[in-house]
Amino acid sequence: MGELGIHWSIASNATHIIEIFIMSFCFFMLAKPFMRRRKKALSVGAAYALVMLIFYIIPLNPDYYIVHGTGVLTAFLVMCLTERTNLRQKIFIAATFFPLRFLTAATAEIIYDKVYSFMEARQNADFALYVGVCTLYLLLEFAFMAAAVRFILKAYAYKHDDMDKKELLMLLMPSLLGITGFEITRYYRVFYIVETGKSTDAYDFLSLLYYTVSVITIVVVVVLYQKIKAKQEDKLQNELLASQLDSLRRHISHAESLYSDMRGVRHDMANHLLTLERLYESGKTDEAKAYGADLKAAVSQITGEIKSGNPVTDVILQGAKNEAEQRNIMFHSDFCYPAQSNINAFDLSVILNNALQNALENADCGRGSYISVTSYRQNNAYMLEISNSFVGSLQWDFENALPITSKEQKNGHGYGLANIRTVARKYSGDIEIVQNDGAFRLTVMLMTE
């Protein structure tokens, strides 16, 4: 082999190796948002690159589907071993990358062939032309693949939600049809070129059109799937909001009944005081004390023990306290309603209802279990802390910085923290969640100005 032949061989090998690293990088980019840590996604791309390099260096000459299938399968196994959650989403990632790799490469290859033939017809094929066209091929392949990955990731909003079998099947259908059509069109294109020694512009255009439409279809199905998911999320959010409004109506009704009873007690208070006065004047001290104790208990039962400064929050906190005591959970409230501020009772009721419901459901009911509610001012910020005893661990949705609860996984009703964050951001605030040492603490910040 002459010096020029060595250069052509080096350029060809370099093109293939660079292509492997380009595809590995795209695999990494596709997997990264679905993985909890960047290092795990890097290991996925590295596994694919390693397998592809081994097949390229070792002259085994297997079928190209076996080569790429082995690379994708290895990357899929690495995904599963490093993070054993959302298996169906990992199947989707691997099964989507596999056809995209062929479709984008075939698109770039057809353009590469046309440009090379066009340039070769006007000048002798030389090494510089070959290097230039190979560079163009790599750039086109990367551009097409990166664009497809970018659109899929942009459309796929719920990257850490569980996917059921029907959803997976729907998402895999475009990929399956795309790779099937790719093999059919490629077979006839290669067969025609081998038989005639040339390709037809019409067939190449149809192949190019099919590859492009196949990639677009894969992306569009992901977009439609996510829109369906978004509608489901909105429906569940609306159902939860309707439930909260019903709960708030009950609280308000209870508060009205409570204050009606208080007016009744106040109306009869003169009679009660007169009775006490007569008992003391008659020297019946024991009877007077017993009567006073009964009167105090009746008033306490009507008004409740918690005085937060607002009747709505009083009722919510008192209801949570009563339920906690029934479950042998110690309940402590140091909550004070932020009077003379722009924070209204309805928004605070949403925060308290959701936070206390989560606390009641997740507080350990053993010895030492507790729920604590505290509020305080810090400059122009109103801070609300709800903490409870908690034994176990949480799975996190790192994209939204919220824990993934069993409620959310089972029936979609684990939106309490998301609703609390929505209210907090309405007041230019946010939430902070800390879980350690057997405790779960939610801190909500609301700006009062």
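Since the structure is predicted, the reported quantities are computational estimates derived from the model, not experimental observations.

**Topic: the overall build of the chain**
Stage number 1. A tally of regular secondary structure across the chain gives twelve helices and seven strands.
Stage number 2. Partitioning the contacts of the chain with sequence separation of at least 6, the portion at a separation of at least 24 is 70%.
Stage number 3. If you sum the accessible surface of the chain, you get close to 24600 Å²; carbon and sulfur atoms cover 60% of it.

**Regarding the nonpolar core**
Stage number 1. With 67 residues, the main nonpolar core has F27, M79 and F92 as its most contacted residues.
Stage number 2. Listing elements by their share of this core, those giving two or more residues are α1 (3-31), α2 (38-57), α3 (64-82), α4 (87-122), α5 (127-155), α6 (165-196) and α7 (201-281).
Stage number 3. With 14 residues, α4 is the single largest residue contributor to this core.
Stage number 4. Setting aside its immediate chain neighbours within four residues, M79 contacts F27, A31, M35, V44, K90, I93 and A94.
Stage number 5. In this structure, I329, L356, I386 and V444 belong to the second largest nonpolar core, which totals 39 residues.

**Some remarks on helix α10 (residues 345-362)**
Side chains three or four residues apart in an α-helix point the same way, a direct result of the helix having 3.6 residues per turn.
Stage number 1. With 18 residues, α10 should cover 26 Å at 1.5 Å per step; its first-to-last C-alpha distance of 25 Å lies within 8% of that length.
Stage number 2. Of all 18 residues in α10, 14 are buried; the element is thus mostly enclosed.

**Description of the packing of aromatic side chains**
Stage number 1. Enumeration according to the criterion identifies 17 aromatic pairs in this entry.
Stage number 2. Look at Y65 and F98: their rings are 6.3 Å apart centre to centre, the planes differ by 40°, and that puts the pair in the tilted class. On the criterion of sequence distance, the pair formed by Y65 in helix α3 and F98 in helix α4 is long-range, its members being 33 residues apart.
Stage number 3. Looking at Y65, the relative accessible area reads 22%, which means it is partly exposed.
Stage number 4. Taking relative accessible area as the criterion, F98 reaches 19% and is therefore assigned buried.

**Side note on the pairing of strand β2 (residues 370-378)**
Stage number 1. By the bridge criterion, five bridges tie strand β1 (residues 330-334) to β2 in an arrangement that is parallel. Bridged to M330 within β2 is Y370.
Stage number 2. Examined bridge by bridge, β2 and strand β3 (residues 381-389) share eight bridges and lie antiparallel to one another. Bridging from a neighbouring strand, T374 pairs with E385 of β3.
Stage number 3. Hairpin geometry of β2 and β3 is characterised by an intervening segment of two residues between the two adjacent antiparallel strands and by a positive phi of about 55° at N379.

**As for the confidence of the model for the chain**
Stage number 1. Residues of the chain with pLDDT of at least 70 account for 81%, and the chain-wide mean is 80.
Stage number 2. When mean pLDDT is taken per element in the chain, β3 scores highest with 92 and helix α11 (residues 406-411) scores lowest with 43.
Stage number 3. Note on residues 406-414: pLDDT under 50 across the span, and 17 contacts to partners over four residues away in sequence or across chains.

**Some thoughts on the sheet that holds β2**
Hydrogen bonding along the main chain pairs the strands of a sheet, whether they run parallel or antiparallel.
Stage number 1. Overall, mixed pairing links the five strands, which are arranged β1-β2-β3-β7-β6 in an open sheet. Across the chains shown, the open sheet's two edge strands, defined by having one partner strand only, are β1 and β6 (430-436). Strand-to-strand twist in this sheet, taken as the mean axis angle between neighbours without regard to direction, amounts to 15°.
Stage number 2. Contacts between helix α9 (residues 311-326) and the sheet are confined to β1 and β2, with β1 contributing the most and set at about 160° to the helix.

**A few points about the pattern of salt bridges**
Side-chain pairs of opposite charge can arise where the charged atoms are in close proximity.
Stage number 1. One pass over the full model with this rule turns up nine salt bridges.
Stage number 2. E83 is the salt-bridge partner of K90, the closest N and O atoms lying 3.8 Å from each other. Assigned by exposure class, K90 and E83 land together as buried.
Stage number 3. A salt bridge links K321 to E325; the shortest N-O distance between them is 2.3 Å. Taken as a pair, K321 and E325 lie in helix α9 at a separation of four residues, close to a single helical turn.

What counts and how
The residue numbering used here restarts from 1 in each chain and proceeds along that chain's sequence as written. Note on the predicted model: pLDDT of at least 70 is required for a residue's local features to be given, and 80 or more for side-chain atom pairs to be given and counted; whole-chain, interface and lining totals, by contrast, use all residues. The side-chain figures draw on all heavy atoms in the structure; neither hydrogens nor water molecules are used. Under the DSSP-based scheme used, a helix requires at least four consecutive residues in state H or I and a strand at least two consecutive residues in state E, with every element numbered from the N terminus. The criterion used for residue contact is that any of the two residues' heavy atoms lie within 4.5 Å. To be clear on the numbers: accessible area is Shrake-Rupley with a 1.4 Å probe, and residue cover counts the displayed protein chains and nothing else. Definition used in this section: a nonpolar core is a set of buried Ala, Val, Leu, Ile, Met, Phe, Trp, Tyr and Cys residues joined via side-chain atoms within 4.5 Å. Note on classification: 1.4 Å probe, protein chains only; a residue is buried when its accessible area is under 20% of the maximum for its type, exposed when over 50%, partly exposed between these limits. The span expected for a helix works out to 1.5 Å for each residue beyond the first. When two rings of Phe, Tyr or Trp (its six-membered ring) have centres within 6.5 Å they constitute a pair, described as stacked for plane angles under 30 degrees, edge-to-face for angles over 60, and tilted for the intermediate range. The rule for pairing is simple: two strands pair if DSSP sees at least two bridges between them. In predicted models, pLDDT denotes the confidence assigned by the predictor to each residue on a 0 to 100 scale. The angle between two axes is taken between their N-to-C directions and runs from 0 to 180 degrees, where each axis is a line fitted to C-alpha atoms and a helix contributes only its stretch in contact. Salt-bridge detection follows one rule: a side-chain nitrogen of Lys or Arg within 4 Å of a carboxyl oxygen of Asp or Glu.

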